[in-house]
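Tertiary structure, described
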Amino acid sequence: MRSVRPLSPDASDAEVAEGIAEGSPEALRLAFERWGTLIYTVAIRALGNAHDAEEITQQVFVAAWSSRHLLRPGPDALPRWLVGITTNRIAELRRSRFRADRRTVAVAQQLDSTPPPGIDDKVVNKLVVAYELERLGPPRSDILRMAYGNDVPLKEIAAQLDMPLNTVKSHLRRGLAELRQRFGGDNHG
Amino acid sequence: MDDDQELTQNEQEIAQRVRALGEERIDWMTPPVGLWSRIEIDLGRERAAADDVHDIVGDPVSDSAGNSRPTPSRRRLSRRALVAALGGGIAAGVAIGALGRGALDQGVLDQGDARTLRTAELRTLTTDQILGQAILRELGEDLYLQIVANEPIVYAAGIVEVWLINLDGQRMVSLGVYQGEESARFPVPPVLLRQGFILVDLSRELLDGDNNHSGDSIVRGELS
């Protein structure tokens, strides 16, 4: 069996995923440092309070560790896997809360029998995209945001950032390629 | 944007997703200090349970760095160790399964949404034949053990009882009576798992008023 390589903070996402699959707690810690904020933010937005979000975040990383043998390492394995666990946990928490609420309502009242709305996948996907964009860091994150978020023409970006146009174009393409790697080329959201 | 015409199809897909973000800047919330410590504590409990198993089995499945990788098919408890433990003073197993079962089966559970946490192959003790599986599932707050039989698991002279035996080989708790169904569900209190009661055992029991484990196990498997 291969020995677990010690991970540096610069380890690639694929290496972190591999580390977790191989049973390295250090890799899980790195994953927490990289994506803990994403998971926590998704949870807070979905559940509306910090206590629940903390609970969910804790559960997600413990569950990720328990089922690490199910993780197939790859450059796009995390955060997709973590976010998948997160949305499952959030949905279950909401369902159990919903059931608990229903039990306390008087029978005489008209009950709305539809379950609470699930997590909006589009919103979650947007958060993942925004998060990975941030992780690219400047200047790529800025360039991509300016080009697509604010529709600034490339020539103007070049001028604002005091960069040659070709450099801006190169950053743009590299940035898109990096993001593509992280999303695995999925087409939803 | 004219510049887009230079992009490949793949690049355009990603560009589209970035564009969908609009101008909104997300307010990222960082987890509170101390959350990781809480996670580590939970991980520690899990690894302690795993270490106990390695002690009992004697041949840890691990790499040279001492990190273990779960391989359910190889991790089996030493039969000699367990038989010795069960042969001695067997702790009384209190039947708790009957109480909770009705609540779970009131149509609230939708097995399709249940998460699988652990599984175990149920193997006969002498011939190592697989008669079925035990699957630990979670649905919301409900934790239950699903017994799935591939071959009949029955006992004509009495009943078949489902146990969770502790890794210490001494303590065990009964989850209830298995009636030979293709699939049966037994509620499990989470405390049992946290305390290391992860050996699933199905035994032949006479209706003689003795609640202890008879020592006559049909199949056994460790949840991993």
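Computed from a predicted model, the values in this text were never measured in an experiment.

Parameters and conventions
- Residues numbered from 1 in each chain as written.
- Chains lettered and ligands numbered in written order.
- Predicted model: local features only at pLDDT ≥ 70, side-chain atom pairs only at ≥ 80, totals over all residues.
- Heavy atoms only, no water.
- Helix = DSSP H or I, 4+ residues; strand = E, 2+ residues; numbered from the N terminus.
- Contact = heavy atoms within 4.5 Å.
- Areas by Shrake-Rupley, 256 points an atom, 1.4 Å probe, with all protein chains shown as cover.
- Buried < 20%, exposed > 50% of the residue type's maximum accessible area, 1.4 Å probe, protein only.
- Polar contact = N/O pair within 3.5 Å; in protein donor to acceptor, adjacent residues only side chain to side chain.
- Axes fitted to C-alpha atoms, helices over the stretch in contact; angles between N-to-C directions.
- Left-handed = near helix turned anticlockwise from the far one by under 90°.
- Nonpolar A, V, L, I, M, F, W, Y, C, P; charged D, E, K, R; others polar.
- Parallel < 35°, antiparallel > 145°, perpendicular 65-115°, else oblique.
- pLDDT = per-residue confidence, 0-100.
- Pairing = 2+ DSSP bridges.
- Phe/Tyr/Trp six-rings, centres within 6.5 Å; stacked < 30°, edge-to-face > 60°.
- Lys NZ or Arg CZ within 6 Å of the ring centre and 35° of its normal.
- Core = buried A, V, L, I, M, F, W, Y, C linked by side-chain atoms within 4.5 Å.

**Structural notes on the overall build of chain B**
Within chain B one finds five helices and eight strands. Taken from N to C terminus, the helices and strands of chain B fall in the order α-α-α-α-β-β-β-β-β-β-α-β-β. Considering only intrachain contacts with a sequence separation of at least 6, the fraction spanning at least 24 residues in chain B is 60%. For chain B, the computed accessible surface area is about 11500 Å², with 47% contributed by carbon and sulfur atoms.

**Notes on the overall build of chain A**
Summing up its helical and strand segments, chain A has eight helices and zero strands in all. Looking at chain A as a whole, 50% of its 189 residues qualify as buried. In the structure as shown, chain A presents an accessible area of about 9200 Å², 50% of it carried by carbon and sulfur atoms.

**Some thoughts on the environment of Tyr178(B)**
Residue and element names in this part refer to chain B. Take Tyr-178: it is sitting in strand β5 (residues 172-178). The residues touching Tyr-178, leaving out its near neighbours within four places in the chain, are Ile-147, Ala-149, Ile-153, Val-160, Val-162, Ala-184, Phe-186 and Leu-202. Within polar-contact distance, the side chain of Tyr-178 engages the backbone oxygen of Glu-181 at 2.4 Å.

**Here we look at the packing of helix α6 (residues 140-149) of chain A against helix α7 (residues 154-161) of chain A**
All names here are of chain A. The geometry of α6 relative to α7 is characterised by a closest axis approach of 10 Å and an angle of 140° between their N-to-C directions. Relative to α7, the crossing made by α6 is right-handed. Residue-level inspection shows Ile-143, Met-146 and Ala-147 of α6 in contact with α7, the latter providing Leu-154, Ile-157, Gln-160 and Leu-161. Residue classes in the contact of α6 with α7 are distributed as six nonpolar, one polar and no charged.

**So, the packing of helix α1 (residues 13-21) of chain A against helix α2 (residues 25-47) of chain A**
All names here are of chain A. It is at 8 Å that the axes of α1 and α2 come closest, and there the two elements cross at 135°. In terms of their interaxial angle, α1 and α2 are classed as oblique. Here α1 and α2 pass one another in a crossing that is left-handed. On α2, the residues touching Asp-13, Val-16, Gly-19 and Ile-20 of α1 are Ala-27, Leu-28, Leu-30, Ala-31, Arg-34 and Trp-35.

**Describing the confidence of the model for chain A**
Of all residues in chain A, 83% have pLDDT values of 70 or greater, and the mean over the chain is 83. Confidence, read as mean pLDDT per element, is least for helix α4 (residues 77-104) of chain A in chain A (80) and greatest for α7(A) (95).

**Things to note about the sheet that holds strand β7 (residues 197-205) of chain B**
One key point about sheets: their strands pair by backbone hydrogen bonds, in either a parallel or an antiparallel sense. All names here are of chain B. Spatial ordering of the open sheet is given by β5-β4-β7-β8-β1-β2-β3-β6, a layout of eight strands whose pairing is antiparallel. Among the strands making up the open sheet, the edge pair consists of β5 and β6 (183-187). In this sheet, neighbouring strand axes are inclined to one another by 25° on average, regardless of whether the strands run parallel or antiparallel. As paired elements, β7 and strand β8 (residues 217-222) share five bridges and run antiparallel to each other. Within β8, the position partnered with Asp-201 by the bridge is Arg-220.

**Side note on the packing of aromatic side chains**
What characterises a pair of aromatic rings is the spacing of the ring centres plus the angle enclosed by the ring planes. Inspection of every chain in the model, using the stated rule, returns three aromatic pairs over all chains. An angle of 75° between the planes, with centres 5.1 Å apart, marks the rings of Phe32(A) and Phe61(A) as edge-to-face. Placement of Phe32(A) in helix α2 and of Phe61(A) in helix α3 (residues 50-66) is noted, with a sequence separation of 29 residues between them. On the accessibility criterion, Phe61(A) (0% relative accessible area) is buried. When the centroid spacing of 4.9 Å and the interplanar angle of 75° are considered together, the rings of Tyr131(A) and Trp28(B) count as edge-to-face. Of this pair, Tyr131(A) sits in helix α5 (residues 121-136) while Trp28(B) sits in the loop between α1 (9-19) and α2 (35-57), which puts the two residues in different chains. Sitting over the ring of Trp65(A), Arg68(A) keeps its end group 4.0 Å from the ring centre.

**Things to note about the nonpolar core**
Membership of the largest hydrophobic core comes to 68 residues, with the highest contact counts inside it found for Phe61(A), Leu82(A) and Tyr148(A). Sorting elements by how many residues they give to this core places α2(A) first, with 14 residues. By size, the runner-up hydrophobic cluster in this structure holds 28 residues, among which are Leu122(B), Leu131(B), Tyr178(B) and Val200(B).

**Focus: the side chain of Asn166(B)**
Residues and elements named next belong to chain B. Secondary-structure assignment places Asn-166 in strand β4 (residues 159-166). Within the structure, Asn-166 has its side chain in polar contact with the backbone oxygen of Gln-195 (distance 2.8 Å). With residues near it in sequence (within four places) discarded, Asn-166 still touches Arg-171, Gln-195, Gly-196 and Phe-197.

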